[in-house]
Amino acid sequence: MGTLLASLVSALTFLPYYPTIVDANGQPLQGTIVVRVVSLILIPVLAAADKVADWQAKKESTAALAEEARKAQQTYQHSISSLLLIANRGADIAHETPGKRKTQLRDLRTVLVTATHGLSNAAQTRATYYTLIITEEGRILGEPVSHGRVEESTTIWEESKDRSHSVWGIMDGEDVNAPIVRSTDEDRKDWADWDQKKYKSFISVPVKAHGVQFGMLSLNAPNSEDLTETDRMAVLVAARIMATTLSLALETNQLKELGDSLVKLRARQAGPFEATGTESKLDSVGSSAAGQ
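The residue numbering used here restarts from 1 in each chain and proceeds along that chain's sequence as written. The predicted nature of this model means local features are confined to residues of pLDDT at least 70 and side-chain atom pairs, given and counted, to a pLDDT of 80 or more, with totals for whole chains, interfaces and linings taken over all residues. The side-chain quantities take in all heavy atoms of the structure and omit both hydrogens and water.

To continue, consider helix 3 (residues 98-117). Working definition: helices are DSSP H or I runs of at least four residues, strands are E runs of at least two. Numbering for both runs from the N terminus. Residue count minus one, scaled by 1.5 Å, sets the expected span of a helix. For helix 3, built from 20 residues, the straight-helix expectation of 28 Å at 1.5 Å per residue is met to within 8% by its first-to-last C-alpha distance of 29 Å. If you check which residues of helix 3 are buried, you get R101, L105, L108, R109, V111, L112, V113, A115 and T116. For every residue, the accessible area (1.4 Å probe, protein chains only) is compared with the maximum for its type, and the residue is labelled buried under 20%, exposed over 50%, or partly exposed between those bounds.

Rendered as structure tokens:
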């Protein structure tokens, strides 16, 4: 811009018909000569300054990109380390005696939420694991274990009180389809009481394997755009590692009991007209559980 302006001023000093630039004989005034000389000097100086500025801008841009790439690589490595922590702890539990597994599985929930909290690069996230309990009245997602922001999760979902709540759709859906839910999503405005929440986005993934539901893993963040698709896939992997660990750690009869309980509950909820075939479904779930 400086080079262009200096060139324009210099060009104007060469206009002989401009009355403030030349005298009555058409000769340039003393001031015109000074402006012309200064302009001609400034043109290469400013052109050089523009080149230096462009070079500096490119250098800063390259440095910014390099720093961004470094942070992304650091986040990626941290995420992999967090997932490996869950996997390694799960492998250890699977080889423990049945008597020690119960305590270690309880401790694994703490490891899981701590690692999940570290998966995202977003600030002030909170990860929570909810254990699924099946009762005669319906499912309950409770016993929350959290890590992250100061406030603990105290939410408990009871299917008997609200069977249409979105959380049950998440539990019954494919884990890979679990979405990033944002307060700005028009079609998900009722998925949370956003005005009362300290978070504006969350990812909730069912922890389940072969028809057996164990619980739900959730990660939330203060702003609607904080969580990314990378975060979603990382939470999905963490949930699957947890489900695999539980499948390997629990006894076959325990897995069958969990699967049967859910099938029987669905049969009760469906009513007598839709209960046909329940036994075959029960056998199918039991066989799936036994094969893990």
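What follows continues from the structure just given.
Moving on, we come to the packing of aromatic side chains. Two aromatic rings, drawn from Phe, Tyr or Trp (for Trp, its six-membered ring), form a pair once their centres lie within 6.5 Å of each other, and the interplanar angle then sorts them: stacked below 30 degrees, edge-to-face above 60, tilted otherwise. On inspection of all chains with the given rule, the structure shows four aromatic pairs. Centre to centre, the rings of Y130 and W157 are 4.9 Å apart; their planes meet at 65 degrees, and the pair counts as edge-to-face. With a gap of 27 residues between them, Y130 in strand 1 (residues 126-134) and W157 in strand 3 (residues 157-158) connect regions that are remote in the sequence. As far as burial versus exposure is concerned, Y130 and W157 are alike and both buried. Here Y199 and F202 contribute two aromatic rings whose centre-to-centre distance is 6.2 Å and whose plane-to-plane angle is 85 degrees, an arrangement assigned as edge-to-face. In this structure an aromatic cluster arises from ring pairing among W194, Y199 and F202. Cation placement over rings: the criterion is NZ of Lys or CZ of Arg within 6 Å of the ring centroid and within 35° of the ring normal. The ring of W191 is capped by R188, whose NZ or CZ atom sits 5.3 Å from the centre of that ring.

Should DSSP find at least two bridges between two strands, the strands are regarded as paired. Taken together, the six strands give an open sheet; going across it, the order is 3-2-1-6-5-4, and neighbouring strands pair in antiparallel fashion. Lying at the two open borders of the sheet, with one neighbouring strand each, are strand 3 and strand 4 (180-182). Relative to strand 3, strand 2 (residues 139-148) is paired through two bridges, and the arrangement is antiparallel. Across the sheet, the residue bridging to I140 is E158, located in strand 3. We call two residues in contact whenever any of their non-hydrogen atoms come within 4.5 Å of each other. The angle between two axes is taken between their N-to-C directions and runs from 0 to 180 degrees, where each axis is a line fitted to C-alpha atoms and a helix contributes only its stretch in contact. On the sheet, helix 5 (residues 229-249) packs against strand 1, strand 4, strand 5 (201-209) and strand 6 (212-221) and is oriented at approximately 25 degrees with respect to strand 5.

What follows deals with helix 6 (residues 252-270). For helix 6, with 19 residues, the first-to-last C-alpha span of 27 Å sits near the 27 Å given by 1.5 Å per residue. Every buried residue of helix 6 is listed here: L255, G259, D260, L262, V263, L265 and A267. Positioned one or two residues after helix 6, G271 has a phi angle of 95 degrees, which is positive.

Tracing the chain through its elements places E137 in the loop between strand 1 and strand 2. A sequence separation of 22 residues divides E137 from E159, and the C-alpha atoms of the two residues are 7.7 Å apart. Setting aside residues no more than four positions away along its own chain, E137 makes contact with S160 and L265.

To continue, consider the pattern of salt bridges. The salt bridge definition used is simple: a Lys or Arg side-chain nitrogen within 4 Å of an Asp or Glu carboxyl oxygen. Under the counting rule described, the total for this entry stands at 11 salt bridges. E136 is the partner of R268 in a salt bridge, and the nearest nitrogen-oxygen pair spans 3.8 Å. Here R268 is found in helix 6, whereas its partner E136 is found in the loop between strand 1 and strand 2, with 132 residues between them in sequence. With relative accessibility at 39%, the residue R268 sits in the partly exposed group. The exposure class of E136 is exposed, given its relative accessible area of 59%. The salt bridge partner of D172 is R139, with a shortest N-O separation of 2.8 Å. Of this pair, D172 sits in helix 4 (residues 166-172) while R139 is found in strand 2, placing the two residues 33 residues apart along the sequence. Among the residues examined, D172 registers a relative accessible area of 38% and is labelled partly exposed. The class of R139 is buried, set by a relative accessible area of 3%. Several salt bridges converge on common partners, so that one network encompasses R139, E159, D172 and R266.

Our next topic: the pairing of strand 6. Strand 6 sits mainly inside the fold: 10 of its 10 residues count as buried. Note: strand 1 against strand 6, six bridges, orientation antiparallel. Across the sheet, the residue bridging to T131 is G215, located in strand 6. Here strand 5 folds back onto strand 6, and the loop between the two strands holds two residues, one of which, H210, carries a positive phi near 50 degrees.

So, on to the confidence of the model for the protein. As a general rule, the predicted coordinates of low-pLDDT regions are not to be interpreted in detail. Here pLDDT means the predictor's own confidence in every residue, given as a number from 0 to 100. Per-residue confidence for the protein gives a mean pLDDT of 78, with 73% of residues at or over 70. This model gives residues 273-292 a pLDDT under 50, and the stretch forms 20 contacts once residues within four places in sequence are excluded.

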